[in-house]
Protein chains: 4
Amino acid sequence: MATIKDSVHDHIEVEGVAEALLDTEPVQRLRHIKQLGTVQLVYPSANHTRFEHSLGVYHLADRALDHLGIDGVQGERIRAAALLHDVGHGPYSHNVEEVTHRHTGKYHDDVGELLAQGEVGETLREHDLDPERIAGLVAGEGQYGQLVSGELDVDRMDYLVRDAHHTGVPYGTIDHERLIRELTFVDGELVLAEGNVQTAESLLLARALMNPTVYQHHVARISKAMLRRGAERLLDQPDISAQQLRRMDDHDLLAALRATPETSEVARRLFTRDLYKRAVWAELEAVPEDVVDADVETLRDLERAVAERTGLAHEEVVLDVPERPSMTESTSRVMVSGEMRQLGKQSPLVSALRTAQKQQWRLGVYVPASETDRAGRAAVEALGLDLDGALVSDVRPGVTATLDEFTD
Amino acid sequence: MATIKDSVHDHIEVEGVAEALLDTEPVQRLRHIKQLGTVQLVYPSANHTRFEHSLGVYHLADRALDHLGIDGVQGERIRAAALLHDVGHGPYSHNVEEVTHRHTGKYHDDVGELLAQGEVGETLREHDLDPERIAGLVAGEGQYGQLVSGELDVDRMDYLVRDAHHTGVPYGTIDHERLIRELTFVDGELVLAEGNVQTAESLLLARALMNPTVYQHHVARISKAMLRRGAERLLDQPDISAQQLRRMDDHDLLAALRATPETSEVARRLFTRDLYKRAVWAELEAVPEDVVDADVETLRDLERAVAERTGLAHEEVVLDVPERPSMTESTSRVMVSGEMRQLGKQSPLVSALRTAQKQQWRLGVYVPASETDRAGRAAVEALGLDLDGALVSDVRPGVTATLDEFTD
Amino acid sequence: MATIKDSVHDHIEVEGVAEALLDTEPVQRLRHIKQLGTVQLVYPSANHTRFEHSLGVYHLADRALDHLGIDGVQGERIRAAALLHDVGHGPYSHNVEEVTHRHTGKYHDDVGELLAQGEVGETLREHDLDPERIAGLVAGEGQYGQLVSGELDVDRMDYLVRDAHHTGVPYGTIDHERLIRELTFVDGELVLAEGNVQTAESLLLARALMNPTVYQHHVARISKAMLRRGAERLLDQPDISAQQLRRMDDHDLLAALRATPETSEVARRLFTRDLYKRAVWAELEAVPEDVVDADVETLRDLERAVAERTGLAHEEVVLDVPERPSMTESTSRVMVSGEMRQLGKQSPLVSALRTAQKQQWRLGVYVPASETDRAGRAAVEALGLDLDGALVSDVRPGVTATLDEFTD
Amino acid sequence: MATIKDSVHDHIEVEGVAEALLDTEPVQRLRHIKQLGTVQLVYPSANHTRFEHSLGVYHLADRALDHLGIDGVQGERIRAAALLHDVGHGPYSHNVEEVTHRHTGKYHDDVGELLAQGEVGETLREHDLDPERIAGLVAGEGQYGQLVSGELDVDRMDYLVRDAHHTGVPYGTIDHERLIRELTFVDGELVLAEGNVQTAESLLLARALMNPTVYQHHVARISKAMLRRGAERLLDQPDISAQQLRRMDDHDLLAALRATPETSEVARRLFTRDLYKRAVWAELEAVPEDVVDADVETLRDLERAVAERTGLAHEEVVLDVPERPSMTESTSRVMVSGEMRQLGKQSPLVSALRTAQKQQWRLGVYVPASETDRAGRAAVEALGLDLDGALVSDVRPGVTATLDEFTD
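Quick caveat: nothing in here was measured; it's all calculated off a predicted structure.

Quick look at the overall build of chain A now. A tally of helices and strands in chain A yields 21 helices and ten strands. For chain A, the C-alpha radius of gyration of 22 Å lies close to 22 Å, the compact-globule estimate for 408 residues. Summarising its shape, the C-alpha atoms of chain A cover approximately 65 × 50 × 35 Å along the three principal directions. Here chain A holds 408 residues, and 57% of them are scored as buried.

Spelled out as structure tokens, the structure:
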């Protein structure tokens, strides 16, 4: 048994298949992938990695299994899945996932292939575990998959507390011990036991507050969009495949961006925090539906249109259109007066959060700092934005304050 | 200058009039009044007092003044008001306030008389401060009264963080430093600066989660109702006036309850945590309007009616009907795109919280543990409760779990 | 099983005999006894009680048992002893223990009688546990008594962390999780496993730093001495016996002090923090040996001598002579290279701490603030102090700063 | 003014020259240099960087200046020095400093050249600050240099608290607020005010406990020695100069190690935590004086001798001989009874810590895991170790536990 000291959960005991997996390359690689990617450019202390998060998820899974009385091979499977749940992440975690997905068709939780091969596959088989089943758990399949990837999963519990600890933003400080103690299975569904409507709400609210303050902070979004753009340019090069990119770690990607002439400028900007600024920061209602739902090709065309009108190179205009807001946690289940109820039906907060999330949605256009005024006007025209809702930099001074920000 | 170490804010520097006030009897008395009254029977670590809370409020007021650039006599006034804001509290803080109010017409923030007389009055006058103006600030009057008692006051910021620290319930962990840094006056109104919709929401949400989990936990409510009942009996005695009761501290009240034959049993029960249990725990919609809005006399009559039907003494039946839910924070103000907006209009969460609060409202009937079944049935009849919404103990097993509870 | 939320250890699960003991009067009484007595007059947040500390000790004992693989009836015995270890405390914990010991011959850990009788005795017997054996464990007897009361006991681990949490002084923040994980029995001795010299030292150092800063802070000592004096006067009254005093709680003692004319002044002073000040604060080497080792009668005579020379009433002169420094932890055992070694022999820090402790020893003479100068001079003569080492207030300005102090 | 959220000090306000310096490349580069280098292989959460530490040191310097009443240009100089004090660090902080020093003659605090040139030089001059004077402060010169680099400097205060926060090891949790509040200048010397012997000791003790547990943990030492060996090999290559190596960041060094055939194996080992193990772990008294004081060439010869006897490549034998123990803090000054005293003379702990440090000193010989036995025996002979004190792996089982360790 290995005992590892963690800044969030204190001592974590790793044993069984998890201890054997700990030393494999795909798990150790997670030491070199930051949990929050470019968020570190907003919150300088946020340098924690997927490695320590994976240990935390393993630890909470272990406690949940203990609480739920699950042991034997089923327990080993779930513990393995917990420790391995993030090995599919590319460099900078979610930051370039969209790009690699476009080329490989795989998201970070599609790990069937990864788990079957190499050291990990061997280790699993040595412990009589079927890699495919573990991959299924990582993908949230089956009754027990809910523990690893679902609306009440231990992944979320760990990252909220851990991200709060490392950013210094207290909103993620949930009562994870209580959450785990109240988990129970009813008819094969993972639910919170009687008396936990507030417990369920607290998880939702923590995420609702961390989202705009941390995960979607506009500086994190700008740097993430720049990084994504850099990754796309890298893939235009003959010698780097999307599959390779996906297996890079943070160091590799930064090194590749620096070494490639087409991306050395974006590397320099990211490295020295000399970031683009917002030319446009538009609310959902100000953006035409076809722009919100545009595919990548259309977005590139729109960028080019803005660039042309402004006399900028295409490289210098980044259009950042998030997905439409959605909030799946509304289907978290909690027992109320003996019945299993969906939290979304029980709690008036859930629909309010959905509305709040819609309000917080923003389309961004990012350009070099000196060009925000001109590019803002050009983008309003090119995208057909509704001026009233489109918070263009030169039209509405002070716009950059619509989101919580510590530095611009 | 005195420097005092606080478990929440670390070092607190007290100077000027506040330092002189620190040693007066009315302020030192707060060392003997628990911040959360009977909540300590649910969360054993919650033994913090109004004294340390008052120091914390003084400290945050001082930081806010520094941030807002308010100094001179105005600053001294506000600091004095911050330190003194709770001297009007009776024993067990809010727990018996209703009782003393009925007899004296005064709530804890009605401190005009208290501040004018004795050591406090002298100290204030020695520092050229008018006690009446300080009392006005404590009551939330004027522009600066908002800092001490308003929807964005430092009182709330301190108590949420402090109560979280001492109960161990993390929900109150707000970012008070940020809240204070974002305070600003616009047209004489205290508001949060641009970019702080989430900051304002976080304060609301913290309170919304602490409320059912801590402040209104049913065991805290039961013991509070028993204490209130004891206080009423004490006032039936010839030798204790409501005015005297109001100036007791926690020790005095406990001692008086023990020494008085009519209340020694309730004292014993509170002392050994041998509390009544819920016979009824009814949602708002299950309770007839005239019961919700009944005055004290009517409630006593109803208790007697339940007692008679059950064959209990009147003493053994406690009917606990909270005020109708209300949530004044909805008028917190925050700047959005250069305009001052009411949070209630800006944030969809506010009305959801109002709904949630209504859902959490409960009428309770508390009786000795062995009598819950019979008393529950009797109460349903006597109060005219709608059986479907009235969670009577024998009708709906598991009812005690509708609120978050660590022990019953 | 009851689950209780604690501000230090988060969720504590109480079951078996401990759950049954929880509701007995002797355990509930601990809610009304402050862990640190008058230390709260220095650190206002230090209002935690022996109740929550007892829960904490129970919790750590439970973890230690789990780690050591001790279960069955032996485990129940130890858990019971852990929860009950402080029921023998009188009001204000250690503050008046010396007084009650003089009259009853009992210290707080002499609980044989207490555990045999009443609710506790019944509960223990119902669970087939022998009260006498539990009392033996509380007194530290036998192999397993070391867990409850010994040099590596869980009592110390809990109070260091808890006192740090509540005072805000970080020095007590030990790694209690690690300490418990490294406990092991070798030849019936409780020791720390190989590789834990620093772990053992850290426990010692934490206590060495907390001692002068918190436990022996001079304001705590002054108020404790005043309280002790008050308790002695109470026992001069015909109607209060030492046995009764020992079973009071904090409220009772304060109420008795207030109600008794002979002690109402000391009650007022303690209540409003209008404390005596130091007239003398003398190092060990400045004090004649026979004063250091004097018995209570001699000390009273010396007080009277000082009072006479100064024209004060005996009541107004308090002579405070701590026991000679000793440090028993030096015999903590730790495994080094396969051998069990005494920490005192292994670690050069231990003897240094003994020397430091000797340096920190101080004899105090406390009198009303206005009389410190005259009384200081009188005490130097009456006690035969060596002026060079006797830090008399008027001789050495700034003397009050020799100990860490936040307020005087 | 920029406000930055820090996980340790909460909000940090950066203004004046510091704000301008924040965006320069040499400061932003610190984002890519881990504060604790390879310690992250022992404590997985220890991924914090020199960037956030530099912000913390700036923040504490700012508070100290405020407390000491230092402002104007002197204040700006000190703040600039605080923010810049670590820009001279090479990759992996102290880990390869010895190597680069051998080739460049420069340690990390020799920053005269760095500060004079480029963006930093320009920025300083624009703010009318002389780079040379700032470099002097960084090197600890003059009265004010003591604040930045001295025995009571804010650098140490920040790193102890920060390293504790990120490793999860509580020993570094000092009361930094108190330390800063008690700083004062007496005759041009930075000292702690009256009443702070314990405060001074606490700083020393924190470091004394963090040292073996964190900074000198044997796994950190092994990986650091392997990294150092890798860096030396890199410098054997024709195309990398020591000056270049010194300006790399962590990514660059890792990338270079991977890309260079001679070092790709050590890169792989470090990356996957497939580390060498200890063949020898010898106490100071077991090592001949000439080995303790040997120069680099001699050490290389000794490695080769061990390698030859064992049949290993020279690459596979790493001899790690730390400097002789020394503890400069013993000259920290603190006021006692009106006199300035050296802590080393006042506190018996200081000399004890010096002895403890000597006891903790270890010479290590590290080789691939399978070779520890043979290499251990060979090293004993080649180095002339005294077998009794030389804890060779095969001679003394359990040796790996002589230091606190969470994993081996």
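Turning next to the UniProt feature "domain: HD" (unreviewed entry) in chain A. UniProt's entry tags residues 50-160 of chain A with the feature "domain: HD" (unreviewed entry), counted in the numbering of this structure. For residues 50-160 of chain A, the end-to-end C-alpha separation is 13 Å, with 68% helix and 0% strand making up the annotated structure.

This part takes up the domain arrangement of chain A. According to the domain assignment, chain A contains domain 1 (2-168) and domain 2 (276-324 + 361-408). Summarising the inter-unit geometry, the C-alpha centres of domain 1 of chain A and domain 2 of chain A are found 36 Å apart.

Time to look at helix H5 (residues 97-104) of chain A. All names here are of chain A. Every buried residue of H5 is listed here: Glu97, Val99 and Thr100. Projected down its long axis, H5 carries its buried residues within an arc of 160°, all on one side. If you follow the buried residues of H5, they end up packed against helix H13 (218-236) and helix H14 (242-247). The first or second residue beyond H5 is Gly105, which carries a positive phi of 75°.

Next up on the list: the sheet that holds strand S6 (residues 318-320) of chain B. Residues and elements named next belong to chain B. The antiparallel open sheet is built from three strands, whose spatial order is S5-S9-S6. Strands with a single pairing partner mark the edges of an open sheet, and in this sheet they are strand S5 (277-283) and S6. For this sheet, the mean inter-axis angle between neighbouring strands, taken without regard to orientation, is 15°. In this sheet, strand S9 (residues 362-367) lies alongside S5 in antiparallel orientation, the contact comprising six bridges. Bridge pairing in S9 links Ala282 to Leu363.

Moving on: the sheet that holds strand S9 (residues 362-367) of chain C. All names here are of chain C. Read from one edge to the other, the open sheet built from three strands follows the order S5-S9-S6, with strand pairing classed as antiparallel. Since the sheet does not close on itself, it has two edges, and those belong to strand S5 (277-283) and strand S6 (318-320), each with one partner. This sheet shows a mean twist of 15° between the axes of neighbouring strands, independent of strand direction. As paired strands, S6 and S9 are joined by three bridges and run antiparallel to one another. Paired with Asp320 across the two strands is Gly364, which belongs to S9. Against the sheet, helix H13 (residues 218-236) engages S5, S6 and S9, with an angle of about 120° to S6.

Let's shift gears to the relation of the copies chain A and chain D. The operation relating chain A to chain D is a screw motion whose rotation component is 180°, with 0.0 Å of axial translation and a residual RMSD of 0.0 Å. What the superposition gives is, in effect, a two-fold axis relating one chain to the other. The C-alpha atom lying nearest the rotation axis in chain A is that of A:His251; the distance is 2.6 Å. In this assembly, 100% of the residues forming the interface of chain A have copies in chain D that are likewise at the interface, indicating an isologous arrangement.

Further remarks concern the pairing of strand S8 (residues 339-342) of chain C. Residue and element names in this part refer to chain C. Relative to S8, strand S7 (residues 333-336) runs antiparallel, the two being bridged by four bridges. Bridging from a neighbouring strand, Val336 pairs with Glu339 of S8. From the end of S7 to the start of S8, which pair antiparallel, there are two residues, and Ser337 there has a positive phi angle of about 50°.

All names here are of chain A. Pairing of strand S1 (residues 2-6) with strand S2 (residues 10-14) involves five bridges; the strand directions are antiparallel. Bridging across to S2, Asp6 finds its partner in Asp10. Between S1 and S2, which pair antiparallel in sequence order, lie three residues.

Right, let's talk about the interface of chain A and chain D for a bit. In this assembly, 32 residues from chain A lie in contact with 32 residues from chain D. Contributing elements (two or more residues each) for the side of chain A that touches chain D: S1, helix H2 (25-28), helix H3 (50-68), helix H10 (154-167) and helix H15 (250-259) of chain A. Looking at which element gives the most residues to the side of chain A that touches chain D, the answer is S1(A), with five residues. Considering only residue class, the side of chain A that touches chain D consists of eleven nonpolar, 14 polar and seven charged.

Among the secondary structure elements, A:Ser7 is positioned in the loop between S1 and S2. Classification of A:Ser7 by C-beta neighbours within 10 Å gives buried; the count is 24. Separated by 113 residues in sequence, A:Ser7 and A:Val120 have C-alpha atoms that sit 27 Å apart. With residues near it in sequence (within four places) discarded, A:Ser7 still touches A:His165, D:Ser45, D:His165, D:His166, D:Thr167 and D:Gly168.

This next bit is on the packing of H13(A) against helix H16 (residues 264-271) of chain A. All names here are of chain A. At a minimum axis separation of 10 Å, H13 and H16 run at an interaxial angle of 155°. Considering the angle they form, H13 stands roughly antiparallel to H16. Taken as a pair, H13 and H16 cross one another with a handedness that is left-handed. Seen from H13, the contacting residues are Ser223, Met226, Leu227, Arg229 and Gly230; seen from H16, they are Val266, Ala267, Arg269 and Leu270. The class makeup of the residues in the contact of H13 with H16 is five nonpolar, two polar and two charged.

Here we take up the confidence of the model for chain A. Residue and element names in this part refer to chain A. Residue-level pLDDT values for chain A average 90, and 94% of them are 70 or greater. A low-confidence stretch, residues 393-408 (pLDDT under 50), is modelled with 45 contacts involving residues beyond four sequence positions or located in other chains. Interface confidence for the predicted complex, given as ipTM, is 0.92, next to a pTM of 0.94.

Next up on the list: unusual backbone geometry. A positive phi angle is found at B:Arg273, which is not glycine, with a value near 55°. Relative to the assigned elements, B:Arg273 resides in the loop between helix H16 (264-271) and S5. The exposure class assigned to B:Arg273 is buried, which follows from the 20 C-beta atoms found within 10 Å. In this structure, D:Tyr92 is a non-glycine residue whose phi angle is positive, near 55°.

All names here are of chain A. Note on placement: Leu227 falls in helix H13. Assessed through the 24 C-beta atoms surrounding it within 10 Å, Leu227 is described here as buried. The spatial distance from the C-alpha of Leu227 to the C-alpha of Pro348 is 38 Å, given a sequence separation of 121 residues. With residues near it in sequence (within four places) discarded, Leu227 still touches Thr38, Tyr92, Asn95, Val96 and Leu270.

What follows covers the packing of H3(A) against helix H4 (residues 72-84) of chain A. All names here are of chain A. At a minimum axis separation of 7 Å, H3 and H4 run at an interaxial angle of 155°. Judged on the interaxial angle alone, H4 and H3 are roughly antiparallel. Once H3 is placed against H4, the crossing between them reads as right-handed. Every residue of H4 that contacts H3 at Ser54, Val57, Tyr58, Ala61, Asp62 and Leu65 is listed here: Gly75, Ile78, Arg79, Ala82 and Leu83. Split by residue class, the contact of H3 with H4 holds seven nonpolar, two polar and two charged.

Basis of the calculations
- Residues numbered from 1 in each chain as written.
- Chains lettered and ligands numbered in written order.
- Predicted model: local features only at pLDDT ≥ 70, side-chain atom pairs only at ≥ 80, totals over all residues.
- Helix = DSSP H or I, 4+ residues; strand = E, 2+ residues; numbered from the N terminus.
- Rg over C-alpha atoms; globule rule 2.2 N^0.38 Å.
- Buried ≥ 20, exposed ≤ 12 C-beta atoms within 10 Å, placed from the backbone.
- UniProt positions renumbered as here; feature names shortened; annotations may be inferred.
- Domains from an automatic or database assignment.
- Arc of directions from axis to C-beta.
- Contact = placed C-beta atoms within 7 Å.
- Pairing = 2+ DSSP bridges.
- Axes fitted to C-alpha atoms, helices over the stretch in contact; angles between N-to-C directions.
- Least-squares fit on C-alpha atoms with pLDDT ≥ 70 in both.
- Nonpolar A, V, L, I, M, F, W, Y, C, P; charged D, E, K, R; others polar.
- Parallel < 35°, antiparallel > 145°, perpendicular 65-115°, else oblique.
- Left-handed = near helix turned anticlockwise from the far one by under 90°.
- pLDDT = per-residue confidence, 0-100.

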